[in-house]
Amino acid sequence: MNPIQKDELYENISQFLKNKGIDLKEGSYTKGIHAGCSLLADAINLSQTGIERAKTGIEKKLDKVRQVIHEKTAPKPPVATSPPPPAPNGKPKATVRAKRKVNSKRSKRKH
């Protein structure tokens, strides 16, 4: 937003009142109106500057929050699996084999 000039606000109010049939002539009351318009323009300009500064700060903090959320919820990269290390003799380790069921008839031999 562009800053408001002190005289600009007074001129616009004067023009508005003139269109409504009220003509402001130089006097003590117009000096008071002019001073009030000047204070109002300063207040508007200062508040606009403060709002812009606050907006910038909030956007920075919001970006940090978004980054933290992204880091916490991002999918984990797959863990690289490596083959088991070779046995000391240089051959890969033998895998565990399923035990065979021993036939009960076979174990009871007749002599």
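Everything below is about the structure printed above this text.
Here's a quick rundown of the structure. No experiment lies behind these values; they were computed from the predicted model shown. Think of each chain on its own: its residues are numbered from 1, step by step along the sequence as written. Given that the model is predicted, a residue must reach a pLDDT of at least 70 before its local features are reported, and side-chain atom pairs must reach 80 or more before they are shown or counted; all residues, however, enter totals for whole chains, interfaces and linings. Where side-chain values are given, they derive from all heavy atoms of the structure, hydrogens and water being excluded.

### Thoughts on a nonpolar patch on the surface
Next up, step 1: A surface patch of nonpolar side chains, amounting to about 250 Å² of accessible area, comprises L62, V65 and I69.
Next up, step 2: Following the sequence through the fold, V65 ends up in helix 2 (residues 28-73). Every patch collects residues that have over 30% relative accessible area and no salt bridge, joining them within 9 Å if they carry like charges and within 5 Å if they are nonpolar side chains (Val, Leu, Ile, Met, Phe, Trp, Tyr). Every accessible area reported is derived by Shrake-Rupley at a probe size of 1.4 Å, with residue values counting cover from the shown protein chains alone. Take a side-chain nitrogen of Lys or Arg and a carboxyl oxygen of Asp or Glu: if they are within 4 Å of each other, that pair is a salt bridge. To qualify as a helix, a DSSP run of H or I must reach at least 4 residues; to qualify as a strand, a run of E must reach at least 2; elements of each kind are numbered from the N terminus.

### Some thoughts on the pattern of salt bridges
Next up, step 1: Summed over the entire model, instances satisfying the criterion amount to 2 salt bridges.
Next up, step 2: With a closest N to O distance of 3.6 Å, D42 and K6 form a salt bridge. Here the residue D42 occupies a position in helix 2, and K6 occupies one in helix 1 (residues 6-19), the gap between them amounting to 36 residues.
Next up, step 3: Think of it in three bands: residues with accessible area under 20% of the maximum for their type are buried, residues over 50% are exposed, and the middle band is partly exposed, with areas taken using a 1.4 Å probe on protein chains only. Among the residues examined, D42 registers a relative accessible area of 27% and is labelled partly exposed.
Next up, step 4: Owing to a relative accessible area of 42%, K6 belongs among the partly exposed residues under this scheme.
Next up, step 5: For R66, the salt bridge goes to D63, with nearest N and O atoms at 3.5 Å. Note that R66 and D63 are positioned in helix 2 at a spacing of 3 residues, about one turn of the helix.

### Overview of helix 2
Think of an α-helix as 3.6 residues a turn; residues three or four steps apart then line up on the same face.
Next up, step 1: In this model, helix 2 (46 residues) spans 67 Å end to end at C-alpha, consistent with the 68 Å of a helix rising 1.5 Å per residue.
Next up, step 2: Regarding helix 2, the residues found buried are T30, C37, S38, A41 and N45.
Next up, step 3: Contacts are assigned to residue pairs that have any heavy atoms within 4.5 Å of one another. Looking at the buried positions of helix 2, the neighbouring elements they touch are helix 1. A helix is expected to reach a length of 1.5 Å times the quantity of its residues less one.

### Things to note about helix 1
Next up, step 1: Taking 1.5 Å of rise per residue, the 14 residues of helix 1 would be expected to cover 20 Å, and the 21 Å separating its terminal C-alpha atoms lies within 8% of that figure.
Next up, step 2: Taken together, the buried positions of helix 1 are L9, Y10 and S14. Mapping the buried residues of helix 1 onto a view down its axis gives an arc of 135°, with all of them on the same face. Along helix 1, the residues that are exposed and aim more than 90 degrees away from the buried face are E11 and N19.
Next up, step 3: Residues of helix 1 that are buried in the fold lie against helix 2.
Next up, step 4: Remark: G21 follows helix 1 within two positions and exhibits a positive phi of approximately 100°. This arc is taken over the directions from the axis of the helix to the C-beta atoms.

### Digging into the side chain of T30
Next up, step 1: For T30, the location among the structural elements is in helix 2.
Next up, step 2: Definition of a polar contact: a pair of N or O atoms within 3.5 Å, with one able to donate and the other able to accept a hydrogen when the atoms are protein atoms, and with sequence-neighbouring residues admitted only if both atoms are side-chain atoms. Of the polar contacts made by the side chain of T30, one reaches the backbone oxygen of G27; its length is 2.8 Å.
Next up, step 3: Beyond its immediate stretch of four places on either side in the chain, T30 contacts Y10, L24 and K25.

By themselves, these figures tell us nothing about what the structure is for.
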